[in-house]
Amino acid sequence: MRTPEELIELKRDGGKHSAEELARLVRAFVSGEMPDYQMSAWLMSAYIRGLDAEETVWLTDAMARSGRVLDLSAIPGVKVDKHSTGGVGDKTTIALVPMVAACGVPVAKMSGRGLGHTGGTLDKLESIPGFRVEMSPEAFAVQVRDAGCAVVAQSADVDPADKLMYALRDVTGTVPSVPLIVGSIISKKVAGGADAIVLDVKAGSGAFMKTQAEARHLADELVRVGEALGKRVTAVLTDMDQPLGRAVGNALEVREAIEVLRGEGPPDLVEECMLLGAKMLVLGGRACDEDEGRIHLAEAVQDGRALAACRAWVAAQGGDERVVDDPSRLAVAARARELRAPGDGAIAGFDAEGVGRAAMALGAGRATAEDAIDHGAGIVLHAKRGDAVSAGDSVATMFAASERLLDAGEERLAAAVVYAQG
Ligand code: URA
């Protein structure tokens, strides 16, 4: 039996692990027997040498089984989950969950917090006064059964391997490795207990995967490994070369998600919700194909069932459901400032990551896990790629608690907008 040190050497030299070795590696790390510095060395070896198709499945399986695996089988129907690989202004979950639940497919989702330039769904949801994201696995299952949906923080005893490994990857330059990303995402989904998963794989300047080819490869791997571990999985590639919708920042994004539920909302966000939602309805057995799924979703929005499902969801998690009908109850930052176009022309594009970092500088995100978040801070874009602008037009409104934060945000946002001369 190889020691942790020998397992590191094996991967360093390009060797292949057995399923048993990967299970042992994960167990040794989670139990504390294998210290952080050894896991860091193994992660770097795996980053450089890669993991083959079998190793990726074995690692993912070992991570999923490093803690509790939720059993949602007592809840009738196909339980569907959705996961995005992370982007800027991505509030689809907040609109999608009630849209899909309103169509009769239970949604069971564990989400993460924002770290770095991508916002986290939990932070967005917590901008609704009273909304609780901490819930025991038992309460999670009961809520999915009774309210038709739940979005909660991953509890500490679910996939502890990912939590610990991700923290090390974040500080050792080993995040952008396809096998490690696949292990991280799919192990959480397997442990979360849903039967079927729709994966939104982002490609572009605001995503981990900068090119379509990289995103395609990640999507194929996510589907392959998810299916190998017994889940029904669909992946879609979506654009992250500019923020999704117009709002970036927690309460601002909740407002925009509510607009979608009202039949309003920016076209790119609405389209992404329809695309992902239709796939969730197909996986959930509620629609034969995507076209039928789109019809069900559109009906749920038109007749108000999606809004009703949102009220029920917010109330079930202790939130103030009145925000669904009166978004002015959401936090608003004390100060606002316009970013103005420097000349006549058009918006050629965005550095989407730069927009995310501008929102962070305004107070909407956190640089370290301990940072507090200003739920009212952020950015609303008034122009998107291809839109014409004249000198002095407002390209975006920035929201923050102070002039100092607005200065910091403006500097970054101005640098993240690319203009084409008119
Ligand atoms: N999202 C995750 O959950 N894990 C990764 O490794 C990258 C993105």
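Each value, and the rule that gives it
- Residues numbered from 1 in each chain as written.
- Predicted model: local features only at pLDDT ≥ 70, side-chain atom pairs only at ≥ 80, totals over all residues.
- Heavy atoms only, no water.
- Helix = DSSP H or I, 4+ residues; strand = E, 2+ residues; numbered from the N terminus.
- Buried < 20%, exposed > 50% of the residue type's maximum accessible area, 1.4 Å probe, protein only.
- Contact = heavy atoms within 4.5 Å.
- Near = heavy atom within 4 Å.
- Polar contact = N/O pair within 3.5 Å; in protein donor to acceptor, adjacent residues only side chain to side chain.
- Areas by Shrake-Rupley, 256 points an atom, 1.4 Å probe, with all protein chains shown as cover.
- Nonpolar A, V, L, I, M, F, W, Y, C, P; charged D, E, K, R; others polar.
- Core = buried A, V, L, I, M, F, W, Y, C linked by side-chain atoms within 4.5 Å.
- Domains from an automatic or database assignment.
- Pairing = 2+ DSSP bridges.
- Phe/Tyr/Trp six-rings, centres within 6.5 Å; stacked < 30°, edge-to-face > 60°.
- Axes fitted to C-alpha atoms, helices over the stretch in contact; angles between N-to-C directions.
- Parallel < 35°, antiparallel > 145°, perpendicular 65-115°, else oblique.

1. Thoughts on the overall build of the protein
Counting its secondary structure elements, the protein contains 16 helices and twelve strands. The C-alpha extent of the protein, read off along each of the three principal axes, is 70 × 45 × 35 Å. Here the protein, with 422 residues, has 57% of them falling under the buried criterion. Within the protein, contacts between residues separated by at least 24 positions form 76% of all contacts whose residues are at least 6 apart in sequence.

2. A few points about the site of the ligand
All residues adjacent to the ligand are Tyr166, Arg169, Ile181, Ser184, Ile185, Lys188 and Phe208. In this structure, an oxygen atom belonging to the ligand sits 2.9 Å away from a side-chain N or O atom of Arg169. In this structure, an oxygen atom belonging to the ligand sits 2.5 Å away from a side-chain N or O atom of Lys188. Here the ligand, which alone exposes 230 Å², has 91% of that area covered by the protein. Broken down by secondary-structure element, the contributors of at least two residues to the shell around the ligand are α8 (160-172) and α9 (178-192). With four residues, the single largest contributor to the shell around the ligand is α9. Taken together, the residues that form the shell around the ligand break down as four nonpolar, one polar and two charged.

3. Some remarks on the nonpolar core
In terms of nonpolar packing, the biggest core is built from 80 residues, with Met99, Trp313 and Ile379 touching the most fellow members. Among the elements that take part in this core, helix α12 (residues 267-283) stands out by supplying nine residues, more than any other. Residue contributions to this core reach at least three from each of two domains, namely domain 2 (80-324) and domain 3 (332-421). When neighbours within four sequence positions are excluded, Trp313 is seen to be in contact with Ile94, Val97, Pro98, Leu125, Phe131, Gln143, Cys149, Ala150 and Val151. One finds Val182, Ile186, Ile197 and Val233 within the second-largest nonpolar core, a separate group that totals 22 residues.

4. Some words on the pairing of strand β11 (residues 394-400)
Of all the seven residues making up β11, six are buried; the element is thus mostly covered by neighbouring parts of the structure. With six bridges connecting them, strand β7 (residues 335-340) and β11 associate as antiparallel partners. Bridged to Arg337 within β11 is Met398. In the sheet, strand β9 (residues 378-381) pairs with β11 via four bridges, with the strands oriented antiparallel.

5. Some points on the packing of aromatic side chains
In this structure the tally under the stated criterion is one aromatic pair. For the pair Phe131 and Trp313, a centre-to-centre distance of 5.9 Å together with 90° between the ring planes defines the contact as edge-to-face. Pair noted here: Phe131 is in the loop between α6 (121-125) and α7 (137-147) and Trp313 is in helix α14 (residues 305-316), with a separation of 182 residues, a long-range link.

6. Quick notes on the packing of helix α15 (residues 352-362) against helix α16 (residues 403-416)
Here α15 crosses α16 at 175°, and the two axes come no closer than 8 Å. Comparing their axes, α16 and α15 come out roughly antiparallel. Of α16, the residues touching α15 (which contributes Gly354, Val355, Arg357, Ala358, Ala361 and Leu362) are Leu405, Leu406, Ala408, Gly409, Arg412, Leu413 and Ala416. Here the residues of the contact of α15 with α16 sort into nine nonpolar, two polar and two charged.

7. Topic: the sheet that holds strand β8 (residues 345-350)
Within the open sheet, the three strands sit side by side as β10-β8-β12. Their pairing is antiparallel. On the outer flanks of this sheet lie β10 (388-389) and β12 (417-421), each paired with one strand and no other. By the bridge criterion, two bridges tie β8 to β10 in an arrangement that is antiparallel. By the bridge assignment, Ala346 is partnered in β10 with Ala388. Helix-sheet contacts for α16 involve β8 and β12, and the interaxial angle to β12 is about 45°.

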